[in-house]
Amino acid sequence: MKQLVTNATLLTFAGPDEPRAGAAASNVGLIRQGAVLMDEGVIVAAGPADKVLAHPDSRKGRVHDAGGRVVMPGFVDAHTHPAFAEPRLRDFELRAQGKTYQEIAAAGGGIISSVSALRGTTERDLTVLLQERAARFIECGTTTIEAKSGYGLDKDSELKSLRALKHLGAGGMLGVVPTFLGPHAVPPEYQGRTGEYARFMAREVLPVVAEEKLALYADVFCERGYFGAAECTDFLQAARAAGLGLRVHAEQLTHSGGAKLAARLKACTADHLDHADDDDLGALKAAGTVACLVPGSNHFLGLGSMPPARRILDAGVPVALATDFNPGTCPCWNMQEILAIAVTRMKMSPEEALVSATVNGAWAAGLGKTHGVLAVGQAADLVIYDCEDYRELCYWFGKNLAVTVFKAGKVVHSTAELRV
Ligand code: NIG
Ligand code: FE
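Procedures and definitions
Residues numbered from 1 in each chain as written. Chains lettered and ligands numbered in written order. Predicted model: local features only at pLDDT ≥ 70, side-chain atom pairs only at ≥ 80, totals over all residues. Heavy atoms only, no water. Disulfide = S-S within 2.5 Å. Buried < 20%, exposed > 50% of the residue type's maximum accessible area, 1.4 Å probe, protein only. Near = heavy atom within 4 Å. Polar contact = N/O pair within 3.5 Å; in protein donor to acceptor, adjacent residues only side chain to side chain. Areas by Shrake-Rupley, 256 points an atom, 1.4 Å probe, with all protein chains shown as cover. 1 Å grid on protein atoms, 1.4 Å probe; cavity = no way out; pocket = protein on both sides within 12 Å on 5 of 7 lines; lining within 4 Å. Sits in = over half its atoms within 2 Å of the grid points. Phe/Tyr/Trp six-rings, centres within 6.5 Å; stacked < 30°, edge-to-face > 60°. Helix = DSSP H or I, 4+ residues; strand = E, 2+ residues; numbered from the N terminus. Lys NZ or Arg CZ within 6 Å of the ring centre and 35° of its normal. Domains from an automatic or database assignment. Contact = heavy atoms within 4.5 Å. Buried area = accessible area lost by both parts, 1.4 Å probe. Axes fitted to C-alpha atoms, helices over the stretch in contact; angles between N-to-C directions. Parallel < 35°, antiparallel > 145°, perpendicular 65-115°, else oblique. Nonpolar A, V, L, I, M, F, W, Y, C, P; charged D, E, K, R; others polar. Points joined across faces, edges and corners; volume = space filled by probe spheres on them. Donors = N, O, S within 2.8 Å, 3.2 Å for Na, K, Ca; no water.

Help me out: how do you make sense of the state of the cysteines in this one?
Between two cysteines, a covalent bond joining their sulfur atoms is known as a disulfide. Scanning the entire structure with this criterion turns up zero disulfides. No disulfide involves C268; its sulfur sits 8.9 Å from that of C292, the nearest cysteine. C387 takes part in no disulfide bond, and the closest cysteine sulfur, belonging to C394, lies 9.2 Å away. By relative accessible area, which is 4% here, C387 ends up buried.

Dropping the structure here:
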């Protein structure tokens with residue numbers, strides 16, 4: 001069915017066909033009296049309303065008068081860990097008592113404490129949980145997520161997580177870019193045998209992931225106490241040979257070599273980067289790797305510091321913003337909240353934050369050619385927000401401003417008919 005959104009304050013993010021860096025990193029492509037026409041899942045016209053309304057099909061579909069509200073591409077959240085069974089409320093309480101993430105993990109909390117509940121959840125129940133979580137992402141304006149496994153940490157449970165993510169994506173409500181994160185932590189049965197565990201993931205699990213096309217990417221937690229650069233390299237090289245793209249959790253808690261590794265392997269993203277130095281940033285820029293920043297985890301961990309977004313932008317590295325949705329460090333699915341944190345705590349401009357959450361998010365999810373921009377031929381994934389100035393999206397923190405969400409040209413969420 002054709003759908004026309006008109007009378008919009010339109011952010012198109014039109015621009016070069018590459019992740020945005022430098023001056024392009026703050027160009028939102030604002031059109032004050034804009035419109036978008038969608039048909040069969042893609043955009044058939046977008047731009048000034050008078051031009052779009054001249055399209056022969058513009059009167060044939062359902063009309064959504066945005067009443068001057070902001071209309072822009074759906075968020076592409078390029079770093080999430082939604083395949084978990086239970087919240088981690090004990091970790092949360094312990095942090096309130098002053099314990100750090102590392103201390104809690106060493107005392108039996110952390111990633112490992114999410115494993116037994118996930119192992120005990122059926123593929124069907126996990127799929128239902130994912131569908132419920134997907135609805136929360138969608139109602140906040142996210143139309144695509146990159147989604148990792150990584151709480152199963154054995155063959156069956158990692159495959160189960162990826163199969164549940166596949167069912168979620170097949171539903172078509174929320175785009176899902178699945179990532180195999182076998183080396184997320186060393187499970188108890190491999191305690192003290194980190195290399196052996198990483199090799200098991202590469203030799204026994206990865207071939208099934210590739211054979212069943214369960215993931216588009218592979219990821220590793222390159223971190224002191226988790227996986228070292230050498231173990232990560234072996235796993236990622238095997239993943240590349242199996243046809244997967246690469247991502248790296250890099251320099252989150254300590255400077256561990258993940259950024260250089262990501263650059264050397266020309267990974268799609270290096271994520272977190274809290275402890276990245278200027279050398280790392282130079283390497284990422286040269287490699288064309290996107291810096292995927294997840295400041296919601298710093299916020300939720302109560303850290304005083306934030307990922308060095310300004311330094312990364314100044315180095316000319318393209319930045320994507322993502323939630324890092326997970327039960328340990330960021331139980332937040334709302335990208336609008338991440339925008340607010342990015343502007344207030346990382347000193348990004350609202351424009352930089354919006355570019356990072358849409359078009360650069362799409363590049364960080366491997367979808368830069370088809371998503372994240374409102375232009376002819378692009379996916380008809382867009383959102384009407386209840387504000388007329390796009391800076392408000394970063395400003396009313398805690399409030400969800402999304403009123404109508406289109407995924408592939410269909411309304412997948414609507415709060416009510418719009419007042420005009
Ligand atoms: O991105 N860094 C590793 N993974 C997650 C944390 C996951 C967890 O604590 O459950 C992150 O912050
Ligand atoms: Fe993460």
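Now that the structure is up, let's keep going.
Mind showing me how you'd approach the site of ligand 1 here?
Residues in contact with ligand 1 amount to 15 residues; listed here are only the nearest, R88, Y101, Y151, Q252 and T329. Taking H184, its side chain carries an N or O atom lying 2.9 Å from a nitrogen atom of ligand 1. Separating an oxygen atom of ligand 1 from a side-chain N or O atom of D324 is a distance of 2.8 Å. Here ligand 1, which alone exposes 320 Å², has 100% of that area covered by the protein. Assessed atom by atom at 2 Å from the grid points, ligand 1 resides in the largest cavity.

Can you help me understand the packing of aromatic side chains in this one?
Applying the stated criterion across every chain, the model contains 12 aromatic pairs. A centroid spacing of 6.4 Å and a plane angle of 80° characterise the contact between F84 and Y151, whose relative ring orientation is edge-to-face. Taken together, the residues span a long stretch of sequence, with F84 in the loop between β6 (75-80) and α2 (89-96) and Y151 in the loop between β7 (142-148) and α6 (155-170) at a distance of 67 residues. As far as the burial class goes, F84 and Y151 line up, both buried. For the pair F92 and F300, a centre-to-centre distance of 5.3 Å together with 5° between the ring planes defines the contact as stacked. Of this pair, F92 sits in helix α2 while F300 is found in helix α11 (residues 295-301), placing the two residues 208 residues apart along the sequence. F92 sits in the partly exposed class, given a relative accessible area of 43%. In textbook terms, an aromatic cluster arises when at least three aromatic residues are bridged by ring pairs, as seen for F84, F137, Y151, F325 and W333. Residue placement shows R133 over the ring face of F84; its charged tip is 3.8 Å from the ring centre. The positively charged end of R247 is found above the aromatic ring belonging to Y217, 4.6 Å away from the centroid.

Quick question: what am I supposed to make of the domain arrangement of the protein chain here?
A common way to report how large an interface is uses the accessible area buried once the components associate. We note that the domain assignment places domain 1 (3-73 + 372-414) and domain 2 (75-364) within the protein chain. Relative placement of domain 1 and domain 2: their C-alpha centres are 28 Å apart. Of the residues lining the interface, 34 residues belong to domain 1; the matching set on domain 2 comes to 34 residues. In total, domain 1 and domain 2 occlude about 2600 Å² of area from one another, counting both sides; carbon and sulfur atoms represent 67% of this. If you sort the residues of domain 1 by the area they bury against domain 2, P19, C394 and K407 come out on top, with a joint share of 21%.

When you look at the packing of helix α7 (residues 194-211) against helix α8 (residues 229-241) in this model, what are you seeing that I'm missing?
Between two packed helices, what matters for the description is the angle formed by their axes and the separation of those axes. Between α7 and α8, the least distance of the axes is 9 Å, while the angle of their chain directions is 5°. The angle between α7 and α8 falls in the class roughly parallel. Touching T194, G195, A198, M201, A202 and L206 of α7 are E231, F235, A238 and A239, all from α8. Of the residues assigned to the contact of α7 with α8, the class counts are seven nonpolar, two polar and one charged.

Would you take a moment to explain empty space enclosed by the protein for this structure?
Going through the model one piece at a time under the given rule, you end up with three cavities of 30 Å³ or more. Along its surface, the largest cavity is lined by 14 residues, and H81, Y101, H184, N326 and T329 are the ones closest to its centre. Taken together, the residues of the lining of the largest cavity break down into four nonpolar, eight polar and two charged.

What exactly am I supposed to notice about unusual backbone geometry here?
Leaving glycine aside, a negative phi is the common case for residues, and trans is the common case for peptide bonds. The phi torsion at E251 lies on the positive side, around 55°, for a residue other than glycine. Relative to the helices and strands, E251 resides in the loop between β11 (245-250) and α9 (258-264). One non-glycine residue, A408, lies in the positive phi region at around 50°. Mapped onto the secondary structure, A408 falls in the loop between β16 (402-407) and β17 (410-414).

Help me understand the environment of P87, please; the structure alone is not making it clear to me.
By secondary structure assignment, the location of P87 is in the loop between β6 and α2. Residues P87 and R224, 137 residues apart in the sequence, show an inter-C-alpha distance of 24 Å.

Explanation requested: the coordination of the iron ion (ligand 2) in the structure shown.
In an ideal octahedron of six donors the angles at the metal are 90 or 180 degrees, and in an ideal tetrahedron of four donors they are 109.5 degrees. The protein atoms that coordinate the iron ion (ligand 2) are H79 (NE2), H81 (NE2), H249 (NE2) and D324 (OD), at distances of 2.0 to 2.5 Å. Read N to C, the donor residues that coordinate the iron ion (ligand 2) are spaced as H-x1-H-x167-H-x74-D. Of the two residues, H79 and H81, both sit in the buried class.

Where do I start with the environment of G316 in this structure?
For G316, the position within the fold is in the loop between α12 (309-314) and β14 (319-321). G316 gets classed as buried once you look at its relative accessible area, which sits at 17%. Along the chain, G316 and G282 lie 34 residues apart, while their C-alpha atoms are 8.6 Å from each other.

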